[in-house]
Amino acid sequence: MSWTNGGGLHARAVTVAVLGAFVAVYLVAAGSDLPWVAPLVVGALVLHLRFLLPGWPHGPLVSVVQAALLYGAVLGFGVSVGVLGLAIGALWLEGRRAAAVAVAVSAPAIAAVEEGWSRAVIDVSISAWLIGIVAYGLTRLTYDVDEVQSTRLTLAAAAVREERLRIAAGLRGVIEDGLTAMARAARRPSELGDALAEARSSLDAARTAASEMRELSLAPQVSAAQGMLEAAGAEVTVRTGHREPLGPGGSLLAAVLREAVTDAVRDRACHCLIETIQDDGEVRLTVVADGARTTERGEAALEPLAVRLAAAGGRLDVDLDADGRIRVVASLRVAEEAAPVSDQQRFATALLAVVLVGFCGKALLQLSGVELLVALPLLAVVCLLNLRLRSPWLLPLQAVIAFVPVVWLGSAWGGVAGFLAGALLVSLPPRAAWPLVGTTMVGVFATQSAVGTAPPLTVNLTISVLVTGLVVFGLARLAVLADELHAAHDGLVRAAVVQERLRAARDLHDLLGHTFAAMILKGELVRRLLDRDPDRASAELDEIAAIAVRARADMATVVGEAPRLELASEVEAAGSVLRAAGIATTVEASVSAVDGERAAAFIAVLREAVTNVLRHSAAKEARITVDGSQLVVENDGVPAEITSPGAGIGNLRTRVAALGGTLDAGPVGDGRFRVTAAVDR
């Protein structure tokens, strides 16, 4: 499962791992009290899972129990007050700010009573505050990942609606002029000449708009090329790796593909490869076909396109490969929007900065005099490396900073290696990073032992390397995960918009294009009949008026505004979004008898069902079926173990039941899941 498909699960795993590592530090330090401390501290950690797992109880009582467990460990068994950070983070997450501040203030007060006022009190207090900040921050980032993932359908649907408005704004004026002119001419035959001119202009505009919407995307031409080659008996391999829409460049590449495939069919190619790749703002189209003996004809046919590509900053190459196959390669730079820095990235960076400052404060508390002069610039470099200059090439420098100063600074510098561990986890693949993290921990243990650090503190510093590394990794990973989800969902939105454009282009051609052609044909016939056969001319004029009325309904369909098709448009949008996500979707919808509250209920069920397909499965196929009394959404790719239906399905059951219907949702075998809403007419 990829990060973007299982984003929420991975986010929770990272958060639990970091918080578990924090708890492990205090369990190791418990010594002989471990049998008594473990239930208290682990119990508090388990209660924190209420923020990460659905269905767990919330409320003041749970917060009180969690705090009581932690205070019991601190006051009853001498566990460091740093563990109170779990309570601070939990209370802040629940919005109990005053209580969180009270716990934060109690940490130094308890430490001062137990040990007397000293630098150690400040040290453990900073630990409590940092743990609270990290617990809050990682949990909130997990929420953000969930939110980004769950809104993919809503965002795609909103983008489709916006695209419909844009299409409507671009078409309505010129199309309406032609329809109005023909409707008026049906009543005033003397204006037929001008009306026909207006209708021809509208027909040209509809065809141009359809062509432009198709050619902004390369995908339709790829499908058409594949169909053309297969019809000619060729074996076709298609690999697409570009992102739609391509903008004006798409029409150029589509023209190259069209010409290259036409030549392949003429040469009676038996095998053909069509491949697109997009990298660093450049789209490269490759067409490889056998059958041609030389490149002369291909070069001649493609020469005008080569000139156009060169004028647009692209390039076209035609040659024969080692196997004697003709290879056409067209490359063109396309505009790519720079990905904005997400709120999650800013939040994670701010949290990491706070963690770094807190760590630096803890380290500086243990130093004085010349040691401070040595430590300050080195800590500044550590902060810079972790916040701005993350690169595998700088890892050796960070390793030197983590270990060499230990000779002079001793145990005060032992925790710096934790940021090296975090940099390793962030910068390198797991297979390389984890062995190096282990090596770093061994190195900390060895160097601290060599400089005479007490064994308990040496063990604590060694474990802290892993804890700090996980914190750095967790903040960076969750922010990157959120960005990856944003990028994936942006791609889904783009794909949904492209499909909406292609739908509108098809409707323009199939509905309005044919409608205007029919009106023009009948109008020309009327002009010839007016003097010879007035009765027939009058009948044809009536037919033109009726066609104009139907054309306005067709126009509403093109721009997605037909009110009678509300459920139909929702079904179509759902299918579009599923297909945009790479799921082969079959739609069988008969919605004419579905109206009113039943239609509204079906729309709500459809949205929830499609959202669940996207969020909770690895579906490759889906089917949406609607008739007068029943809606069925079925998909494959369901894991062997699935959770029980959540609140969304429960609320929909209530809504459907209020109409006297039923809602069933569950697995039906063979890895398939089915949602059925039935409401009698």
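For the structure itself, consult the block above.
The rules behind the values
- Residues numbered from 1 in each chain as written.
- Predicted model: local features only at pLDDT ≥ 70, side-chain atom pairs only at ≥ 80, totals over all residues.
- Heavy atoms only, no water.
- Phe/Tyr/Trp six-rings, centres within 6.5 Å; stacked < 30°, edge-to-face > 60°.
- Helix = DSSP H or I, 4+ residues; strand = E, 2+ residues; numbered from the N terminus.
- Buried < 20%, exposed > 50% of the residue type's maximum accessible area, 1.4 Å probe, protein only.
- Lys NZ or Arg CZ within 6 Å of the ring centre and 35° of its normal.
- 1 Å grid on protein atoms, 1.4 Å probe; cavity = no way out; pocket = protein on both sides within 12 Å on 5 of 7 lines; lining within 4 Å.
- Points joined across faces, edges and corners; volume = space filled by probe spheres on them.
- Nonpolar A, V, L, I, M, F, W, Y, C, P; charged D, E, K, R; others polar.
- Pairing = 2+ DSSP bridges.
- Axes fitted to C-alpha atoms, helices over the stretch in contact; angles between N-to-C directions.
- Parallel < 35°, antiparallel > 145°, perpendicular 65-115°, else oblique.
- Left-handed = near helix turned anticlockwise from the far one by under 90°.
- Contact = heavy atoms within 4.5 Å.

Visitor: Summarise the packing of aromatic side chains; cite the residues concerned and give the values.
Guide: This structure, assessed with the given rule, holds two aromatic pairs. Relative to phenylalanine 347, the ring of tyrosine 136 lies with its centre 6.3 Å away and its plane at 80°, an arrangement referred to as edge-to-face. In this pair, tyrosine 136 is assigned in helix 6 (residues 119–150) and phenylalanine 347 in helix 12 (residues 343–365), connecting sequence segments 211 residues apart. The two residues tyrosine 136 and phenylalanine 347 agree in class, both being buried. With 4.9 Å between their ring centres and 70° between their planes, phenylalanine 359 and phenylalanine 419 make a pair best called edge-to-face. Residue phenylalanine 359 is found in helix 12, and its partner phenylalanine 419 is found in helix 16 (residues 417–427); the two are separated by 60 residues along the sequence. Overall, the relative accessible area of 13% leaves phenylalanine 359 in the buried class. Assessed through its relative accessible area of 1%, phenylalanine 419 is described here as buried. Note that arginine 140 overlies the ring of phenylalanine 347, its terminal NZ or CZ placed 3.8 Å from the centroid.

Visitor: Give a description of the layout of surface pockets that names residues and reports values.
Guide: In this model, the second largest pocket occupies a volume close to 1,100 Å³. Around the second largest pocket sit 41 residues that line it, and Asp123, Ser127, Lys362, Asn460 and Ser464 are the ones nearest its centre. Going through the elements one at a time, helix 1 (7–29), helix 3 (60–77), helix 5 (97–115), helix 6, helix 12 and helix 18 (455–532) are the ones with two or more residues in the lining of the second largest pocket. Counting residues per element, the lining of the second largest pocket draws most heavily on helix 18, which supplies nine residues. In terms of residue class, the lining of the second largest pocket is built from 27 nonpolar, nine polar and five charged.

Visitor: Could you give an account of the pairing of strand 3 (residues 282–289), naming the residues involved and the relevant values?
Guide: Of all the eight residues making up strand 3, six are buried; the element is thus mostly covered by neighbouring parts of the structure. In this structure, strand 2 (residues 271–279) lies alongside strand 3, joined through eight bridges in antiparallel fashion. Residue pairing across strands places aspartate 279 opposite glutamate 282, the latter belonging to strand 3. Examined bridge by bridge, strand 3 and strand 5 (residues 326–333) share eight bridges and lie antiparallel to one another. Of the residues in strand 5, the one forming a bridge with alanine 289 is isoleucine 326.

Visitor: Let's hear about the packing of helix 3 against helix 4 (residues 85–93): which residues, and what values?
Guide: Axis separation between helix 3 and helix 4 bottoms out at 9 Å; the angle between their running directions is 165°. Considered as vectors, helix 3 and helix 4 are oriented roughly antiparallel to each other. Seen from above, helix 3 lies across helix 4 with left-handed handedness. Between helix 3 and helix 4, the residues in contact are Ser63, Gln66, Ala67 and Leu70 and Leu86, Ala87, Ala90 and Leu91, respectively. Of the residues assigned to the contact of helix 3 with helix 4, the class counts are six nonpolar, two polar and no charged.

Visitor: Explain the sheet that holds strand 8 (residues 630–635) residue by residue, including any values.
Guide: On the basis of which strands lie adjacent, the open sheet formed by five strands has the order 6-7-8-10-9 and mixed pairing. Single-partner strands in this sheet number two, and they are strand 6 (584–589) and strand 9 (662–669). Along the sheet, successive strands turn relative to each other by an average axial angle of 10°, direction set aside. In this sheet, strand 10 (residues 672–678) lies alongside strand 9 in antiparallel orientation, the contact comprising seven bridges. Directly across from glycine 666, in strand 10, lies its bridge partner arginine 674.

In short, the description is geometric, and any link to function would need to be established separately.
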